[in-house]
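What the coordinates show
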2 protein chains.
Amino acid sequence: MSIKIGILGYGNLGRGVEAAVKKNDDMELVAVYTRRAPETLTVASGAAVKSVSDLETGNEDIDVLVICGGSATDLPEMTPKFAAMYNVIDSFDTHANIPTHFANVDAAAKAAGKIGIISCGWDPGMFSVNRLYSTCILPDGKDYTFWGKGVSQGHSDAVRRIEGVVDCRQYTIPVPAALDKVRSGADPDLTTREKHTRECFVVAEEGADLARIENDIKTMPNYFADYDTTVHFISAEEMARDHSGLPHGGSVIYSGTTSEGTKHVIEYSLKLDSNPEFTGSVIMAYARAAYRLNCEGQSGAKTVFDIAPAYLSAKSGDELRAHYL
Amino acid sequence: MSIKIGILGYGNLGRGVEAAVKKNDDMELVAVYTRRAPETLTVASGAAVKSVSDLETGNEDIDVLVICGGSATDLPEMTPKFAAMYNVIDSFDTHANIPTHFANVDAAAKAAGKIGIISCGWDPGMFSVNRLYSTCILPDGKDYTFWGKGVSQGHSDAVRRIEGVVDCRQYTIPVPAALDKVRSGADPDLTTREKHTRECFVVAEEGADLARIENDIKTMPNYFADYDTTVHFISAEEMARDHSGLPHGGSVIYSGTTSEGTKHVIEYSLKLDSNPEFTGSVIMAYARAAYRLNCEGQSGAKTVFDIAPAYLSAKSGDELRAHYL
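Quick caveat, the model's predicted, so the values are computed rather than measured. (Residues numbered from 1 in each chain as written. Chains lettered and ligands numbered in written order. Predicted model: local features only at pLDDT ≥ 70, side-chain atom pairs only at ≥ 80, totals over all residues. Heavy atoms only, no water.)

**Section: the relation of the copies chain A and chain B**
Overlaying chain A with chain B gives an RMSD of 0.0 Å, the required rotation being 180° about an axis along which the chain moves by 0.0 Å. When the rotation and shift are considered jointly, the pair of chain copies conforms to a two-fold rotation axis. In terms of C-alpha distance to the rotation axis, chain A has A:A308 as its closest residue, with the C-alpha 1.9 Å off the axis. (Least-squares fit on C-alpha atoms with pLDDT ≥ 70 in both.)

In structure tokens, the structure reads:
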């Protein structure tokens, strides 16, 4: 008997979740739900495509609904709404609003006897779990998070909004000297500029003022002004040939002490060929947990902090202890 | 109100736990329990030293007993015995016997309404958790564990038993080329010899046959025969000066795929100045979990797989979500 998965939203993340379902023998993709006209959408796996209005009946036969929307406006509304009908999971990542989102999902899920897992993926998600484990093990220590090398979709989008820009791919790159210093256990104080550089590959409109575009990028507040940024202008062909993937990754490095003169360094790092497929894969492991927790009668909002690792696996406790401990 | 910790056994690990208690504001070390005559033992923190027979009354006022004994004979007897009286935690690491040990501790702890956490530390422990997370996220993948560079106490002890050897420190060292290949996502098949080398620093008796000792080491079945081993003879002074620490570490590297042509590499690595102090620190985080689980009315044997990360922290769910997610 498979765990029946529904996907709401078919962008990069929805496709990543679809790929992940195929790698899990105990799961099946029941349907992709869309706000578009269902007949206009074909999905890679050939799964059924249905309208979000089908979902809103609350009668769809799915065990876990994966909500693949944006954190700005989609998830704050959708996750609580559907947590009142189904077990749900999302990748909400607007940090400042996590407490509110958690409370809203918790209230809806508890009232419905469902599980709602929020903020799942790798950051927030696996990086968060690793920050927490490390700080609990070594309370006298300091954590650092480095992102990249990888494509930041938010920064790429920001450049695309500049006049004269047709397309952009922005790579976030950790500064090697900063990484080395942190890995050595030196506990440096690092400014934003010292931790990461940014590199933009830009396709400009014909005849656009490239110097003005470059300046607009480099001085953009929040996104680029605090970083050393390199801008390359390339053709649409080069963009398609060299920058079609969405690789990402990074490291959570924690350095701490247990007694005078001792230093311990813990590092969790990811090198990902596809950010959305990996994120989708983390979400699938936690979707299994959502289903199992709900089968046990639990309800309410959860994060990666609240879920024991064994719940992510289809294997029994005996098998896990025998083969993974 | 502090969590009251008792330590049974005052070897390297017992001292590591003692150091870790001091780093946790919500814990206090009530007593170190010993099989020796208590008056012959002084402990670094100045905590009370009591006899194991005091513990056997079942009346000691401790919230969690940390059992710091050997996996061969001590823990199989001690952990179930004391799980019938106290919340307990151990670092049992004889892999083949984990199912039996778990069952014995589970029965005793359940009957007593106590929690017994077994096999806690970094391997088994944090390495196990990381193997499990990765395999759940990327079911189509492969894991590798590398140990070192670090001192293997088991291998050091094995060399010390050779005739003519006064002292030995054995370092386990991952082969850099193997690490590189695994980190690249190439999924190589590696033999034991290809993964690690071993380096021994040996103090020999005056006039001992060094060539024979070196041969005895290099051909020792299980411990050295399957490895490329280097042997250095040094003086007792050099041993004391250069090899007094117990550094260790290693990496769990997992490489997996989510679709044709994609590869993701997850690495969890540790660089530890003191193996026993870090192990003791992991144990303290899980001792807090043992106490909290028991306060909630739970009982029975648990491993790191069964415990949600939030239980390791003294902070509330709200605080964790606001600051670590």
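**Quick notes on unusual backbone geometry**
In this structure, the amide linkage connecting A:G148 to the following residue, A:K149, adopts the cis form with an omega of 0°. In this structure, A:K149 sits in the loop between β7 (141-147) and β8 (150-151). Phi angles above zero are rare outside glycine, and A:N222 is one such case at about 65°. Structurally, the position occupied by A:N222 is in the loop between α9 (210-218) and β11 (228-233). Backbone geometry at B:S119 places phi at a positive 60°, although glycine is not the residue there. With respect to the helices, strands and loops of the structure, B:S119 is situated in the loop between β6 (115-117) and α5 (126-137). Given the relative accessible area of 0%, B:S119 is considered buried. (Helix = DSSP H or I, 4+ residues; strand = E, 2+ residues; numbered from the N terminus. Buried < 20%, exposed > 50% of the residue type's maximum accessible area, 1.4 Å probe, protein only.)

**Some thoughts on the environment of B:L272**
Residue and element names in this part refer to chain B. The residue L272 is located in strand β13 (residues 264-272) in this model. Judged by relative accessible area, L272 falls into the buried class, the value being 3%. Taking C-alpha positions, L272 is 26 Å from G46, a pair spaced 226 residues apart along the chain.

**Points about the sheet that holds strand β10 (residues 196-204) of chain A**
Residues and elements named next belong to chain A. The four strands lie next to each other as β8-β9-β10-β11, forming an open sheet whose pairing is mixed. The sheet is open, and its two borders are formed by β8 and β11, each paired with just one other strand. With two bridges joining them, β8 and strand β9 (residues 165-174) adopt antiparallel strand pairing. By the bridge assignment for β9, G150 is matched with T172. Packing of α9 onto the sheet brings it into contact with β9, β10 and β11, and relative to β11 it is tilted by some 150°. (Pairing = 2+ DSSP bridges. Contact = heavy atoms within 4.5 Å. Axes fitted to C-alpha atoms, helices over the stretch in contact; angles between N-to-C directions.)

**Observations regarding the sheet that holds strand β11 (residues 228-233) of chain B**
Residues and elements named next belong to chain B. The four strands are arranged β8-β9-β10-β11 in an open sheet whose pairing can be described as mixed. For this open sheet the edge positions go to β8 (150-151) and β11, each flanked by a neighbour on one side alone. Sheet topology places strand β9 (residues 165-174) next to strand β10 (residues 196-204); nine bridges connect them, and they run antiparallel. By the bridge assignment, R169 is partnered in β10 with F201. Contacts from helix α9 (residues 210-218) reach β9, β10 and β11, with the element oriented near 150° to β11.

**Quick notes on the pattern of salt bridges**
Residues and elements named next belong to chain A. Using the criterion set out here, one finds 35 salt bridges over all chains in the structure. The closest approach of N and O atoms between E60 and K50, which form a salt bridge, is 2.8 Å. Of this pair, E60 sits in the loop between α2 (52-55) and β4 (64-67) while K50 sits in strand β3 (residues 48-51), and the two are ten residues apart along the sequence. According to the relative accessible area criterion, K50 is partly exposed, its value standing at 28%. Among the charged side chains, a network of salt bridges with common partners joins D157, R160 and D167. (Salt bridge = Lys/Arg side-chain N within 4 Å of Asp/Glu carboxyl O.)

**Re the nonpolar core**
Inside soluble globular proteins, nonpolar side chains tend to come together where they are buried. In this structure, A:I5, A:Y286, B:I5 and B:Y286 are the most contacted members of the largest nonpolar core, which totals 158 residues. With residues up to four places along the chain from it excluded, the contact list for A:I5 reads A:V21, A:M27, A:E28, A:L29, A:V30, A:A31, A:I62, A:V64, A:V66, A:M284 and A:A287. (Core = buried A, V, L, I, M, F, W, Y, C linked by side-chain atoms within 4.5 Å.)

**Remarks on the interface of chain A and chain B**
Counting residues at the interface gives 62 residues for chain A and 62 residues for chain B. Roughly 5700 Å² is buried in total at the junction of chain A and chain B, and carbon and sulfur atoms are behind 63% of that figure. The tally of links from chain A across to chain B stands at two salt bridges. We note a salt bridge from A:K23 to B:D140, for which the minimum N-O separation is 2.6 Å. In this structure, the connection of chain A to chain B is made through 25 residue pairs in polar contact (both at pLDDT 80 or more). The biggest single contributor to the side of chain A that touches chain B is helix α5 (residues 126-137) of chain A, with ten residues. For the side of chain A that touches chain B, the class distribution of residues is 32 nonpolar, 18 polar and twelve charged. Here nine bridges tie strand β13 (residues 264-272) of chain A to β13(B), and the two strands are oriented antiparallel to one another. In the strand pairing of β13(B), A:H264 is matched with B:L272. (Buried area = accessible area lost by both parts, 1.4 Å probe. Polar contact = N/O pair within 3.5 Å; in protein donor to acceptor, adjacent residues only side chain to side chain. Nonpolar A, V, L, I, M, F, W, Y, C, P; charged D, E, K, R; others polar.)

Functional significance is not addressed by these values, which are geometric in nature.
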